[in-house]
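Reading the structure
Now for the letters of each chain:
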Amino acid sequence: MYLYNSASHKKEEFVPNHPDVVKMYTCGPTVYHYAHIGNLRSYIMEDVLEKYLRFLGYNVKRVMNITDVGHLSSDADTGEDKMLKGAQREHKSVMEIAKFYTDAFFDDCRKLNIKRPDVVEPATNCIDEYIKIITKLMDTGYAYFAGGNVYFDTSKLKRYYIFNDHNEEDLAVGVREGVEEDTNKRNRNDFVLWFTKSKFEDQALKWDSPWGVGYPGWHIECSGISMKHLGEDLDIHCGGIDNAFPHHTNEIAQSESYLGHKWTNYWVHVAHLVGEHGKLSKSKMIASGEKMLNLALLEEKGYDPLAYRFFCLQAHYRKNLVFTWENLDNAQKAFEKLIAKIANLKPDDGAVDEAARKEYREKFISQMDNDINTPNGVTMLYDILKAQTNDATKRAMLADADTVLSLSLLEKADALREKNAKAALSGGAEFTVIAEDGAPDAAVEALIRARADAKKAKNFAEADRIRDELKAQGIELTDIPNGAKWKRV
Ligand code: AMP
Ligand code: ZN
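Residues numbered from 1 in each chain as written. Chains lettered and ligands numbered in written order. Predicted model: local features only at pLDDT ≥ 70, side-chain atom pairs only at ≥ 80, totals over all residues. Heavy atoms only, no water.

Once that is clear, we can look at helix α16 (residues 442-456). Taking 1.5 Å of rise per residue, 15 residues should cover 21 Å, and α16 covers 21 Å from first to last C-alpha, within 8% of that figure. All buried positions along α16 are accounted for by V444, L447, I448, R451, A452 and A454. Burial along α16 is one-sided: seen end-on, the buried residues are contained in an arc of 160 degrees. Set apart from the buried face of α16 by more than 90 degrees, the exposed residues are A442, A443, D453 and K456. Packed against the buried residues of α16 are β15 (432-435), α17 (460-472), β16 (475-480) and β17 (483-488). With a side-chain oxygen lying 3.0 Å from the backbone nitrogen of A443, the N-terminal cap of α16 falls on D441. Positive backbone phi, at 60 degrees, marks K458, one or two positions downstream of α16. (Helix = DSSP H or I, 4+ residues; strand = E, 2+ residues; numbered from the N terminus. Expected span 1.5 Å × (residues − 1). Buried < 20%, exposed > 50% of the residue type's maximum accessible area, 1.4 Å probe, protein only. Arc of directions from axis to C-beta. Contact = heavy atoms within 4.5 Å. Polar contact = N/O pair within 3.5 Å; in protein donor to acceptor, adjacent residues only side chain to side chain.)

The next thing to look at is the pairing of strand β1 (residues 2-5). Only one face of β1 is covered, namely the face carrying L3 and N5; the face carrying Y2 and Y4 is uncovered. Here β1 pairs with strand β2 (residues 10-13) via four bridges, running antiparallel. Opposite N5, over in β2, you have K10 as the bridge partner. In textbook terms, the turn of a hairpin is the stretch between consecutive antiparallel strands, and for β1 and β2 this stretch comprises four residues, one of which, H9, has a positive phi near 60 degrees. (Pairing = 2+ DSSP bridges.)

This paragraph deals with the coordination of the zinc ion (ligand 2). Donor atoms from the polypeptide that coordinate the zinc ion (ligand 2) comprise C27 (SG), C222 (SG) and H247 (NE2), at 2.0 to 2.2 Å from the metal. Linear spacing of the donor residues for the zinc ion (ligand 2) on their chain is C-x194-C-x24-H. Remark: H247 occurs in helix α7 (residues 244-259) and C222 occurs in helix α6 (residues 218-230); sequence separation between them is 25 residues. An identical accessibility class is assigned to C222 and H247; each is buried. (Donors = N, O, S within 2.8 Å, 3.2 Å for Na, K, Ca; no water.)

Below, the structure is given as structure tokens:
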């Protein structure tokens, strides 16, 4: 498999460090509000990467943190504490909102078929790990104490910027508009490992440390948690592209200075979901007071969470993905059509042709091996439907691809087939409308129901008028027992 490594700026063949396990670490959510659908894009694509590694036969151990302390609103060391601000907003304790939004996050993951990582670790569980790392960094001169905080000294590194040839001016940390500069820092990019001076009198979570009572910085948590569960090296570290700087850059600085050797081999960054006004951002959404663009909103508007997953898979993870309701509509329609086509396959029409199945498995691998090319992986689903083989084999091929894509293809298709069969048989009370191409349309359905009502009331002129109106819209109607099927022609 070839993966694009942000640290080397090229696609590299994936070779794990250890024969028995692939060590994978993912930056988890900051649980001060719901995850928005941009956050969820990152988790969907990381889930595909993990599942694809498993599909190839690797044994993966994946660890994810839950950020419940230390993440300030600037991503560097200035601004407000996101968790504290969230707790104040909701008149709850930090721990209460952490629990609530952690549960909400995993609910979203479940609906999106995102597997729970093998280890999920809240940052507040690992204070001893951070203290151990910071102590060594102090002893070896990589860290210093100033103004009540412990800072990492970036001037001690031969190379600080890893992911880009950054322009220092563009990246000026701490001098962004509205954020005051921290005069304790010796160098502009130095970052806090341990805070004891908090501007918040009511900082809820504090721990004793050799440097005074305080709390860890955000970056140190990912180094500490990954070393606790995965040891001194990582195969793959992933996160959204905004994490590359400063978060991942700082993780590398402190981890490699602590360990004295290279830490992570492959850095995988998921590009952003962008809206009409640029990158979707949790803090901007909260500040705007508008409804959060999260999975609950998608469901409220009638979208299937897995249609959102399908939408994400149609784009390569390294390209920005533009979110509009129209784009999501199209994805949902395409997804429903795909399910309807799969529902037409007969489950038991003979034995599975294992040779043909293997051939498609290899084709799928050849697509996905190229830096997790999910758009081509999705196209393969349509190729499978057209394959010259029996339906049972097609279903087996789809099931293989779906162990990675996780769209519940066969489950959904089977449920639809059952629903359609029941509807076709039913002489029962309920009038059923079936969209034959699998893309329901509320307006069309309303007209069809109005026509049925008109017929019942023996108003045949009105019933014919509605049929003509549907015909004019290019819709062909077939009456079935106690219902109607329709399709666009
Ligand atoms: P947070 O909860 O803010 O710490 O972010 C959780 C994850 O979502 C991180 O990996 C971020 O890099 C990622 N992320 C944030 N915004 C977006 C976006 N608009 N599109 C994709 N991923 C994002
Ligand atoms: Zn992280």
